[in-house]
Amino acid sequence: MKLTKAQYDEIAQFLGHVQPTRQSLRKLKEKFPSQSQSTLLSIFSQEYQKQIKRTHAKHHTAEAIETYYQRYLNGVMRNAAAPVLLELANEVDFAPSLMARIVLERFLQEKEQAIPSKTLINSMLRDPSQIPDGVLANQVYQCTVNDCCYGPLVDCIKHAIGHEHEVLLREMLLEKNLSFIAEDQLRAKGYDKTPDFILEVPVAVEGHIIHWIESKASFGDESSHEAYLQDQFWSYWNRFGPGLVIYWYGFIEELDCHRERGILLKDCFPTDIVTLRHSMAQR
């Protein structure tokens, strides 16, 4: 679903005044009933991540970390069964999974008298039963399952959704009898930055030649699209020629401004593909 910049700004402005909870997501759907739920969910997640990045530093000062850790200890001392960490994260407007990471890291640092490795922290966040303290393990688990934008559970869901759309795109290409080389095959040949699919025979979409297709299971907003252009799309263009990006959950339509230079945006698989065979048959 494509949105105008004005429509997107209205949604983003609404999200700036609500807590990043499932209740807020329901309010968002009620406020914008004409918009696709998947589009709203993607925007909801991306706007929240931007907010967290803006405030990330203030939650990681030595003073803040010590304050959070002491509040956690005092809270579980009063009532170990209460969702102390989750409530603390909501109170200071920080992602529950990231709050759990801060307190877990501080706990392990005190216990082991050394800074724990990221590998160990990530492993314990994925499986809280590894945490050598039952109360903290339960607190971390509560944060993980109640965080709708961050954490190992969300990462797994995002990865699965991304893979699902790549499989869907592959099936559509096969259905159209289009020959292609997939990303894993390109990596095996030694390419580092590669699109999801390179077409062995270019096609035309809306009058534009397409050599490659990239699948994005997200909404294309200004910041994410600009980052993708710099990190991925222009690299693909330099190496493989013009291509197509599919933002399955929509994009800001004003961002589709590089067609003449060779990057086309769509929110679905194109229905008007013209192949070499098709164009020769028309002659």
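Residues numbered from 1 in each chain as written. Predicted model: local features only at pLDDT ≥ 70, side-chain atom pairs only at ≥ 80, totals over all residues. Heavy atoms only, no water.

Draft legend 1. Quick peek at the packing of aromatic side chains. Tallying each qualifying case throughout the model produces 10 aromatic pairs. Ring plane angle 85° and centroid distance 5.2 Å describe the contact between Phe180 and Phe197, whose orientation is recorded as edge-to-face. Here Phe197 lies in strand S3 (residues 197-205) and Phe180 lies in strand S2 (residues 180-182), a separation of 17 residues in the sequence. Where Tyr247 meets Phe251, the ring centres are 6.3 Å apart and the plane angle is 45°; that geometry is what we call tilted. (Phe/Tyr/Trp six-rings, centres within 6.5 Å; stacked < 30°, edge-to-face > 60°. Helix = DSSP H or I, 4+ residues; strand = E, 2+ residues; numbered from the N terminus.)

Draft legend 2. Summary view of the pattern of salt bridges. For the structure shown, the criterion picks out 12 salt bridges. Linking Arg106 and Glu110 is a salt bridge whose minimum nitrogen-to-oxygen distance equals 3.5 Å. With Arg106 and Glu110 both in helix H6 (residues 96-112), this residue pair falls four residues apart, about one helical turn. With relative accessibility at 16%, the residue Arg106 sits in the buried group. Here the salt bridges share partners, and the residues they tie into one network are Glu206, Asp256, Arg259 and Lys266. (Salt bridge = Lys/Arg side-chain N within 4 Å of Asp/Glu carboxyl O. Buried < 20%, exposed > 50% of the residue type's maximum accessible area, 1.4 Å probe, protein only.)

Draft legend 3. Local environment of unusual backbone geometry. Non-glycine residue Gln113 carries a positive phi angle of around 55°. Along the chain, Gln113 falls in the loop between H6 and helix H7 (118-126). By relative accessible area, which is 67% here, Gln113 ends up exposed. Phi angles above zero are rare outside glycine, and Glu206 is one such case at about 55°. Structurally, the position occupied by Glu206 is in the loop between S3 and strand S4 (208-216). Residue Glu206 is classed as partly exposed on the basis of its relative accessible area, which comes to 34%.

Draft legend 4. Representation of the nonpolar core. Core analysis: the largest hydrophobic core is formed by 62 residues, its most contacted members being Met99 and Leu136. Broken down by element, the residue count for this core peaks at eight residues, all from H6. Here Met99 is in contact with Tyr68, Leu85, Leu88, Ala89, Val92 and Phe94, once residues within four sequence places are set aside. In this structure, Leu169, Val203, Ile210 and Ile273 belong to the second largest nonpolar core, which totals 18 residues. (Core = buried A, V, L, I, M, F, W, Y, C linked by side-chain atoms within 4.5 Å. Contact = heavy atoms within 4.5 Å.)

In short, geometric facts, not functional conclusions.
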